[in-house]
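Chain and residue survey
As a plain string of letters, each chain reads:
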Amino acid sequence: MRNGREMTAYEALAYSNIDCVFDNQLDGVNIISSPGGWKWIDIIHDLGMRLCDLAHQDFIIHCKTVDDIFAAKKAGKIAMVFVVEGAAPIENEVDRIDILYGLGVRQLGVTYSESNALGNGCKEVHDGGLTMFGEQCVERMNKVGMLIDVSHCGPQTAYDAITYSKKPIIMSHVGAKGVWNTKRMASDEMIQAVAAKGGVVGIEAAPHTTMSKTKMTHDLDSFMEHFEYVKNMVGIDHVGFGVDCLYGDHVGVHHAFAQALSIAATAKTGVEYEEVPYVKYLENPTESSWNIIRWLVKHNYSDEDIGKVIGGNAIRVLQEVWA
């Protein structure tokens, strides 16, 4: 990470059911030039290294359009969408959204857990909402065709972004506060606002996030409890999966970078639970791609509904936003 050399797990992906990956590039722990991360030059360095890697293999294609997703599927390859999870690197330069788009980035988070020039992150005690600069950035993302994500935003900042955007937005990797009440989870009102705008809520599985009081641990069943909670609230057309897991020791990453990732500030529940070494049946993207579908089949979801939540809903949003 200090040298900007992050792997793409080609062999592991080959065993998955994944047609398209949205890759956040672990930019929250990109510490090439600063222990605080999120520096513009480091993000560009990271992106350039990854694109060079992709240019020297024939298994994954750099995805910039919805047509690229279908072309990759037809060719037996995987489409990879590059994402910057928080907009801190653009600093006060709205034109950097254009630069990121030009380099192939197709999704941008308004904030990570920390605040930036656009608005407040979810770890903050007070949330002043989307700034005037944030409004300019939302408008620019709409204009160039970049998907807006508010997964890590404070509640008012997220709500402001949803209402100010002229296009659907997403919460790509969250869970429901109604199931597990932490700052990283989304309130009923926020979930409903995303759905009302035509967007999608993706359920995440990073360790110790989408837990539930039903089982008091983090596994496939607690994860799917969040999925069904959101589905029952806003309907099958506005929910999906953004598992937010990786190939490697995810709990180890959280321990090593707890401060940089604001783990303690966003995961407090006031409820004691036993830490797991990994999320059972959702340890990495490959496991997740098989076991989520198995769970849905086992629980009698129709082929049509499974198709919606494992990709159809997301593609509908992309067709509107990326057009």
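Residues numbered from 1 in each chain as written. Predicted model: local features only at pLDDT ≥ 70, side-chain atom pairs only at ≥ 80, totals over all residues. Heavy atoms only, no water.

Mapped onto the elements, Gly198 comes out in the loop between α7 (188–196) and β7 (200–203). Here the alpha-carbon distance between Gly198 and Glu320, two residues 122 residues apart in the chain, equals 9.7 Å. Among all residues touching Gly198, those that are not within four sequence positions of it are Pro168, His238, Arg316 and Val317. (Helix = DSSP H or I, 4+ residues; strand = E, 2+ residues; numbered from the N terminus. Contact = heavy atoms within 4.5 Å.)

As a further point, take the packing of aromatic side chains. Tallied over the full model, the rule gives seven aromatic pairs. Ring centres 6.2 Å apart and planes at 20° place the aromatic pair Phe22 and Trp322 in the stacked group. Within this pair, whereas Phe22 is found in strand β1 (residues 20–23), its partner Trp322 is found in the segment after α12 (303–321), the two being separated by 300 residues in sequence. A relative accessible area of 33% means that Phe22 is categorised as partly exposed. According to the relative accessible area criterion, Trp322 is buried, its value standing at 10%. Ring centres of Phe227 and Tyr301 lie 5.8 Å apart, and the angle between their planes is 55°; this geometry places the pair in the tilted category. Of this pair, Phe227 sits in helix α8 (residues 220–234) while Tyr301 sits in the loop between α11 (285–298) and α12; the two residues are 74 residues apart in sequence, bridging distant segments of the chain. For Arg106, the ring lying beneath its charged end belongs to Tyr101, and the centroid distance is 3.6 Å. (Phe/Tyr/Trp six-rings, centres within 6.5 Å; stacked < 30°, edge-to-face > 60°. Buried < 20%, exposed > 50% of the residue type's maximum accessible area, 1.4 Å probe, protein only. Lys NZ or Arg CZ within 6 Å of the ring centre and 35° of its normal.)

To continue, consider the side chain of Thr210. With respect to the helices and strands, the residue Thr210 is situated in the loop between β7 and α8. Among the polar contacts made by the side chain of Thr210, one reaches the side chain of His218 at a distance of 2.8 Å. (Polar contact = N/O pair within 3.5 Å; in protein donor to acceptor, adjacent residues only side chain to side chain.)

Glancing now at the side chain of Thr8. Examined against the element boundaries, Thr8 turns out to sit in the segment before α1 (10–14). In terms of polar contacts, Thr8 uses its side chain to reach the side chain of Arg50, at 2.9 Å. For Thr8, the residues in contact, after removing those within four places along its chain, are Leu13, Arg50, Asp53, Ile60 and Met80.

This paragraph deals with helix α2 (residues 40–55). Spanning 16 residues, α2 covers 23 Å between terminal C-alpha atoms, matching the ideal 22 Å at 1.5 Å per step. Of all the positions in α2, only Trp40, Asp42, Ile43, Asp46, Leu47, Arg50 and Leu54 are classed as buried. On its buried face, α2 sits against α1, β1, β2 (60–62), β3 (78–84), α4 (95–102) and β4 (105–109). (Expected span 1.5 Å × (residues − 1).)

Within the sequence span of helix α3 (residues 66–74), burial applies to Val66, Ile69 and Ala72. Along the long axis of α3, the arc covered by the buried residues comes to 125°, so they all point the same way. The outward face of α3, more than 90 degrees from its buried face, is lined by the exposed residues Asp67 and Lys74. Turning to α3, the residues buried within the fold contact β1, β2, β3 and α12. One or two residues past the end of α3 sits Gly76, with phi positive at roughly 75°. (Arc of directions from axis to C-beta.)

Attention shifts here to the pattern of salt bridges. Counted under the stated rule, the structure contains 11 salt bridges. The residue Lys215 makes a salt bridge to Asp221 at a minimum N-O spacing of 3.6 Å. Of the residues examined, Asp221 reaches a relative accessible area of 37% and is grouped as partly exposed. Linking Lys308 and Asp237 is a salt bridge whose minimum nitrogen-to-oxygen distance equals 2.8 Å. Placement of Lys308 in helix α12 and of Asp237 in the loop between α8 and β8 (239–241) is noted, with a sequence separation of 71 residues between them. Connected through salt bridges with shared partners, the residues Glu6, Asp23 and Arg50 form a single ionic network. (Salt bridge = Lys/Arg side-chain N within 4 Å of Asp/Glu carboxyl O.)

Turning next to the layout of surface pockets. By volume, the second largest pocket amounts to about 190 Å³. Lining the second largest pocket are 16 residues; nearest its centre among them are Cys153, Pro155, Lys177, Lys183 and Met185. Across the lining of the second largest pocket, the residue classes tally to nine nonpolar, three polar and four charged. (1 Å grid on protein atoms, 1.4 Å probe; cavity = no way out; pocket = protein on both sides within 12 Å on 5 of 7 lines; lining within 4 Å. Points joined across faces, edges and corners; volume = space filled by probe spheres on them. Nonpolar A, V, L, I, M, F, W, Y, C, P; charged D, E, K, R; others polar.)

Time to look at the packing of α3 against α12. Orientation of α3 relative to α12, taken along the N-to-C sense of each, is 135°, at an axis distance of 9 Å. If you check the angle between α3 and α12, you find them oblique. Along the contact surface, α3 presents Val66, Ile69 and Phe70, while α12 presents Ile315, Leu318 and Gln319. Grouping the amino acids of the contact of α3 with α12 by side-chain chemistry returns five nonpolar, one polar and no charged. (Axes fitted to C-alpha atoms, helices over the stretch in contact; angles between N-to-C directions. Parallel < 35°, antiparallel > 145°, perpendicular 65-115°, else oblique.)

Burial of nonpolar side chains together is a common tendency in soluble globular proteins. Ile90, Ile97, Val150, Phe223, Phe227 and Leu296 are the most contacted members of the largest nonpolar core, which has 73 residues in total. The leading source of residues in this core is α8, at six residues. Once residues lying within four places of it in the same chain are set aside, the contact partners of Val150 are Val110, Ala158, Ala161, Ile169, Ile170 and Met171. (Core = buried A, V, L, I, M, F, W, Y, C linked by side-chain atoms within 4.5 Å.)

On to the environment of Ser113. By the element assignment, Ser113 lies in the loop between β4 and α5 (132–144). Expressed as a C-alpha distance, the spacing of Ser113 and Lys197, which sit 84 residues apart in the sequence, is 23 Å. If we skip the residues at most four places from it in the chain, Ser113 touches Gly121, Cys122, Lys123, His152, Leu261, Ser262 and Thr266. At 3.0 Å, the side chain of Ser113 forms a polar contact with the side chain of His152.

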